[in-house]
Structures are given as C-alpha cells and as structure tokens.
Amino acid sequence: MRFTSKNLFPLALALLGGAALPGCSDSASAPVDPAAPTRPAEPLPPLPSLPDGLTVRLTPRPERSALDVEVHLVGPEAARAKELGIARTWAGIDGMAALRGIRVRDGEGVIPTQPGPDEGPDRILVLGRAPTSHLAITYGVVSAPKDAARFALHLDRERLSGVGHTFLLLPRTNEPLDVHVQIRPGALAPGASGASSFGAGDDVEENATPAELANAVYLAGRLRTLDASEKERLVLLGRPAFEPEATLATITHAHAALARLFGGAPRSGAATSASFSYLLVAEPGLGKGHDGALLGRSFGLWIGEERPFDAAVTIAAVHELSHRWIGGAVRLVAEGHEQVWFSEGFAVHYARKIALAEKRIGARDFAADLERTLVNAEAELPAHARSRKDYQRGALYAAALDAAVRKASGGERSLDDLVRALLDRAAAEKKTDLPVSALGELVARELGAARGEELDWVMVRGHGEITLDEGAFGSCFHRARTKSKVYELGFDEASLRRTPAMIRGLVAGSAAARAGLEDGALVLASKVPAGRDEDADEPVEIVVADRGRGRKIRYLPVAERQVVRWAEKTRCRD
Ligand SMILES: [Zn+2]
C-alpha cells in the first residue's frame, strides 16, 4: 500500500484535539488562529539574505518537542504567490492541525491571510496582498504523539522524521524552483545531521516543485548513508535489527528487476527522476510494525527497531517500489475515480513475484503472501471490506490474467507485456491516467473480444467470480481447500443505521444467530467493534427489545469457512 489508513485514524483525532505547545512562550510558536486578523504592526526582524528560489529551513527544538519551520520564496516568483497550501489529510493525518503561530510576511511587513474554500485536497491560506520579492512563512510544528502514524512529524532529543505533507505549508505554484532544503539539527543529540528525499546534508540544492517538497521524507539524527550507485543511496536513521548493506542490496536488486520488467525508469508520473533515495527509519517502540510509502523520488520505510528485514518487509518494500510504475507512471480511471484494484492489486501481484524471482524470498514466503492476499478473496467477503476487496480482487485478476495470457500464447507472452503496453501508452500520451478500456483493448487482443469486454463488468462493477487455475502460480504452488476463520457480523450491518433499527439479512448458522439474534428483532442499542478481522476478540453487543424489556446479545463476529489456500509443493520447499 502507499499508505495504511487502518491505524492512522486515531492520530487525526489526537491532532485535532491536540493541546497547545507545552511550556512555550515563544511568540513564533504560540497558538494562533490562521484566520485571525494579524496583529498591529510590530517591529519585524530583518529577513535573511537568501538566493532566488525556495528555501525550506527546519530547526528541531527538542526542548519544546517542536520543529521550527521557515519557508522563504525569493525572487520574481514571490510576487506571483497568491496562496499557501498543506494537505488536508494525507494518510489520515491533518497537517494543519499540528501547525502553531503561522506568520506570513515580506520585506514590508506582515501579510494577512484567510482560509480558502473548505474543499479540495489542500487546506489553503489566501494571501491578503501580493508579496514583494521575498515571501517568508514561519511557524512551529508540534511533534505527533508517539503512537501516531509514522508518517507524521515525530521529534525527540535524538531525532526527527516526517513526511512533508504532514507539516509543510508551502506557496502554491506548479513551477519547478531552485530549492534549498536546510536542516539545522544542532539542538539534537551530538552527531546529528539532516537528510531528505533530496539528499543527505544540512543544505541540499535541487530543482523541485512545492508538491515534490511536500511529497518527500525529512530526517535528522544520527544518520548513516550508503551509496549504492551515483543515483541510488540509502539513508538510515536509528539502529535497526537488520544489516544495512545486505538490505540495500536486496532493495536495489529488486528495484533493478522492476525497472527491467517495466522497461526502464518510469517515463510518466511523479517518480521519473533518475536519482532515488531509500530512507529507512528504525523506530523504537514500533514492535513488529512497518509502514512504507513511495514518495516521489524516494521510498520511505519505518520499521520496528527489533524487526529484521524479513520476507514480509521485503515484499512490502517491493510493493512500494512497484508503485513507481503501477499507480505512479500509469493509473486506470473509470468515471473520474482511480481504479484501486489496478494500482494496488497489480502491485500486490508483482511484489511477491519479483521478490521470489530475484530469490529475495523463498517459496514458503510466497505461499504465505498468497494466503494473506488471496485467501479471503475467493471466499465471500462482507460488504464493508470493499477496499480490502480491491486489493484482493485486483491481485486475483492480475494472477488470472497472467495465467490466461501465458496459456493462450503458449508461454510467449504474459501480463508483463500488457503492463508495459499501458506504460508505453501513458508515456506517449504524456498522462498517467488512462481509461480502463486501455487495458480492456489489450486483453481483447490477447484473449478475444469477450474477455476484453468482461473487464469493466468484473473489475469496475465488481460482478462475478474470478477463478484461478491450479497452475496459476507455476508448478511449485497448488491449491488446497481448508477451513479457516473469517470475520462475519452475521447480519446486514446497514440495518442498524435505519430508524427504527431492525435486524435484516441474518446469516443462518452464524455466531449472531447462535447467540439468539433473529431477523426482524428491534434493536435498542448496539456496539460493533471497529476491528474487522478474523482475529476479532471484542464481542459485538446488541440489545434487542424483548417483551417490553431489553435483552443483551453478545458474540464474537467470526465464522469458520471453507477457503482456498495456496501452498508450496513439498519438492519445492526451501
Ligand atoms: Zn500500495
């Protein structure tokens, strides 16, 4: 995934309810409503003398658990600036909520701002007047709570990490600018230095748009930089449980294999830059967790300090890197919406395939990934699992399509040829978004008109079953039917939202039915836990009306089902 939203939601709430900066009397960091009229003229310090272009200066203030941010736009571009923007929510994180004491000025004084329309992907501040040739934006950013999503700004005495979307308020322009990223880690523990997706060092110069600055990782602390080549480097923050050299070899190897498969570096989309950074953060307290994202010209991965770079992390890393092409250089769109089943499902398919082909994982790991991503797709999924279904159906479709193309062409052609054709078309048309019919036409050419037409019906509309042949994953993997636990609420959840709430669509034999729930029961109160997986350990509680009184029904929303599993064959065991 490019980001996980599942565990990020609590963070957004935490930030929105966030307290002011503790013990902070610095006026630049005092909470200020960005919409409030500016204070009466006060003597402003002189502006620093800076080169033309955009300078972003980050100064960690660990004593206040905050980061001071200065953004300077200097030169003719400054006078054209009309608005500032930051992502409304990115990976579930509301960046604006962590910003304190925003001050916008130029050489003449403070520039008043007011919030733009409450719509679109960015929160906007509209400038009250045109700046002169030096626009300066200063503010503080409060470190996110420890348990918040890793992509948010995290800062302590040792280190800083965060993705620009979550803390950078930048002038809105689509023009590439001369950019200086200056990280001033002086207040962090000794030995600290700075790095970002643009390179390592305390002052890195690049040509980039503000959007690219937002779509980048920023790090400071004790860093280790390993150059894989002139164009590829790994920057590591923290002390990981894995060996950095071997990890870099694994990542660059898989990345090169993806490039060979997809015909070289991406020629459209955001990640076309030839140089590439892998930014890895070994995070204390993250346990077994990991979170990765492809961010423009870099790949950021946060991984628990004690976790090895095992098969699952390797597959996750290859998944993110495959987004340079799938979902990055080309996306499929229907009725104005990105088709997640393509961007994510095909990335799932290629991640494990490349990792196995390049011997970065074993057959058993491949089977485990098939199980994780396909098992429930062939079983019935409840309606709420639509996004998981996108991943799974997309991956299933990719595998089925690959097998069908190989079979029809006698092994001459595969899904790879179709994806390359999509990438070629996107590059030729100089756009990343193609209609679903672009893939439909390719499928029709390989497998006949009927299969091409079925694409829209099956994948965009979500009808019908996608089945895989026994040999879909080659001769080392076979299909087995076994019993497995799946999440099952046991009735139509929408019935709880009606007034009056009355149970509908009860599943016969389900845990709900066994606990005494009946179709037509009048619901007085209900509690359905948020966790929707087969490991549910919190019960569903429903109070139904029963002869003038309430009767409480409790059960675990789990069922045993026949599911299809893919297993490695014994002779292929590693
Ligand atoms: Zn993804």
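Counting of residues starts from 1 at the beginning of each chain's written sequence and follows it residue by residue. For a predicted model such as this one, the threshold for reporting local features is a pLDDT of at least 70, and the threshold for listing and counting side-chain atom pairs is 80 or more; totals across whole chains, interfaces and linings nevertheless cover every residue. Excluding hydrogens and water, the side-chain figures rest on all heavy atoms present in the structure.

Going by an unreviewed UniProt entry, the chain carries the name Peptidase M61 catalytic domain-containing protein and comes from Polyangium fumosum.

**A look at the overall build of the chain**
Helical segments are the DSSP runs of H or I of at least four residues, strand segments are the runs of E of at least two, and each set is numbered from the N terminus. Summing up its helical and strand segments, the chain has 12 helices and 29 strands in all. Across the 574 residues that make up the chain, the buried fraction comes to 51%. Taking the intrachain contacts of the chain between residues at least 6 apart in sequence as the baseline, contacts between residues at least 24 apart amount to 66%. Computed with the Shrake-Rupley method and a 1.4 Å probe, the accessible areas treat only the protein chains shown as cover for residues. Accessible surface for the chain amounts to roughly 25700 Å². Of this, 50% is attributable to carbon and sulfur atoms. Type-normalised accessible area, obtained with a 1.4 Å probe on protein chains alone, sets the label of each residue: buried when under 20%, exposed when over 50%, and partly exposed for intermediate values. Any pair of residues with heavy atoms lying within 4.5 Å of one another is described as a contacting pair.

**Points about unusual backbone geometry**
Geometrically, the link from Thr 499 to Pro 500 is a cis peptide bond, its omega value of -10° lying close to zero. For Pro 500, the position within the fold is in the loop between strand 25 (477-487) and helix 12 (511-514). The phi dihedral of Ser 65 falls on the positive side, at around 50°, and the residue is not glycine. Mapping Ser 65 onto the fold places it in the loop between strand 1 (53-61) and strand 2 (66-74). According to the relative accessible area criterion, Ser 65 is partly exposed, its value standing at 34%.

**Some remarks on the packing of helix 9 (residues 415-428) against helix 10 (residues 436-447)**
Fitted lines through C-alpha atoms serve as axes, helices being fitted only where they are in contact, and the angles separating the N-to-C directions of these axes extend from 0 to 180 degrees. Look at helix 9 against helix 10: their axes get within 10 Å of each other, and the N-to-C directions meet at 140°. In terms of their interaxial angle, helix 9 and helix 10 are classed as oblique. Seen from above, helix 9 lies across helix 10 with right-handed handedness. Across the interface between the two elements, Leu 418, Ala 421, Leu 422 and Arg 425 of helix 9 pack against Ala 438, Leu 439, Glu 441, Leu 442, Val 443 and Glu 446 of helix 10. Basically, the charged four are Asp, Glu, Lys and Arg, the nonpolar ten are Ala, Val, Leu, Ile, Met, Phe, Trp, Tyr, Cys and Pro, and anything else, Gly included, counts as polar. The class makeup of the residues in the contact of helix 9 with helix 10 is seven nonpolar, no polar and three charged. When describing relative orientation, an angle under 35 degrees is termed roughly parallel and one over 145 degrees roughly antiparallel, while 65 to 115 degrees is termed roughly perpendicular and anything else oblique. Throughout, a crossing is termed right-handed when the near helix is turned clockwise from the far one, and left-handed when it is turned anticlockwise from it by less than a right angle.

**Details of the sheet that holds strand 10 (residues 160-163)**
Backbone-to-backbone hydrogen bonds join strands into a sheet, with any given pair of strands oriented parallel or antiparallel. Pairing between two strands requires that DSSP report at least two bridges joining them. Strand order in the open sheet formed by five strands is 9-10-16-13-14, with antiparallel pairing between adjacent strands. For this open sheet the edge positions go to strand 9 (154-155) and strand 14 (199-200), each flanked by a neighbour on one side alone. For strand 13 (residues 193-196) and strand 16 (residues 217-221), the ladder comprises four bridges, and the chain directions are antiparallel. Within strand 16, the position partnered with Ser 196 by the bridge is Tyr 218.

**Here's the deal with helix 5 (residues 311-322)**
A rise of 1.5 Å per residue sets the reference length of helix 5, with its 12 residues, at 16 Å; its end C-alpha atoms lie 16 Å apart and thus fit the reference within 8%. Within helix 5, 10 of the 12 residues are buried, leaving the element largely enclosed by the surrounding structure. For helix 5, the full list of buried residues reads Ala 311, Val 313, Thr 314, Ile 315, Ala 317, Val 318, His 319, Glu 320, Leu 321 and Ser 322. Here a helix's expected span is defined as the number of its residues, less one, multiplied by 1.5 Å.

**Overview of the coordination of the zinc ion**
The textbook angles at a metal center are 109.5 degrees for a tetrahedron of four donors and 90 or 180 degrees for an octahedron of six. Note on the zinc ion: its protein donors are His 319 (NE2), His 323 (NE2) and Glu 344 (OE). The metal-donor distances range over 2.0 to 2.1 Å. Distances decide who is a donor: an N, O or S atom must be within 2.8 Å of the metal, or within 3.2 Å for Na, K and Ca. Water is not included, so sites may look incomplete. All donors of the zinc ion come from a single chain, and their spacing in sequence reads H-x3-H-x20-E. Here His 319 is found in helix 5, whereas its partner Glu 344 is found in helix 6 (residues 340-357), with 25 residues between them in sequence. Note on accessibility: His 319 and Glu 344 belong to one class, buried.

**Concerning the environment of Gly 464**
Tracing the sequence through the fold places Gly 464 in the loop between helix 11 (449-460) and strand 25. Each C-alpha atom, one on Gly 464 and one on Glu 454, is 9.7 Å from the other, the two residues being 10 residues apart in sequence.

**Re the pattern of salt bridges**
Counted as salt bridges are all cases of a side-chain nitrogen of Lys or Arg within 4 Å of a carboxyl oxygen of Asp or Glu. Within this structure, the stated rule accounts for 35 salt bridges. Where Arg 150 meets Glu 283, a salt bridge forms, and the shortest distance between an N and an O atom there is 2.2 Å. Of this pair, Arg 150 sits in the loop between strand 8 (134-142) and strand 9 while Glu 283 sits in strand 19 (residues 276-283), and the two are 133 residues apart along the sequence. Connected via shared salt-bridge partners are Lys 353, Asp 402, Arg 406 and Asp 416.

**A look at the sheet that holds strand 7 (residues 122-127)**
Pairing in this open sheet of four strands is antiparallel, and the strands run 6-7-3-11 from one edge to the other. Edge positions in the sheet fall to strand 6 (113-115) and strand 11 (170-171), since each of these pairs with one other strand and no more. In the sheet, strand 3 (residues 83-87) pairs with strand 7 via five bridges, with the strands oriented antiparallel. Pairing of Gly 85 across the sheet is with Ile 124, part of strand 7.

**Quick notes on the nonpolar core**
Nonpolar cores were defined as sets of buried Ala, Val, Leu, Ile, Met, Phe, Trp, Tyr and Cys residues, with membership established by side-chain atoms within 4.5 Å. In terms of nonpolar packing, the biggest core is built from 75 residues, with Trp 341, Phe 346, Tyr 397, Leu 439 and Phe 473 touching the most fellow members. Counting residues per element, this core draws most heavily on helix 8 (residues 386-408), which supplies nine residues. Per-domain counts for this core show at least three residues from each of domain 2 (222-310) and domain 3 (331-479 + 564-572). If sequence neighbours within four positions are ignored, Leu 439 has contacts with Leu 332, Trp 341, Phe 346, Tyr 397, Leu 418, Leu 422 and Leu 455. What counts as a domain boundary in this text is fixed by an automatic or database domain assignment.

**Re the packing of aromatic side chains**
Classification of ring pairs rests on two measures: the distance between centres of Phe, Tyr or Trp rings, Trp counted by its six-membered ring, which must be within 6.5 Å, and the angle between planes, read as stacked under 30 degrees, edge-to-face over 60 and tilted in between. Counted according to the given criterion, the structure contains 13 aromatic pairs. Ring pairs connect the aromatic residues Trp 341, Phe 342, Phe 346 and Tyr 397, which therefore count as one cluster.

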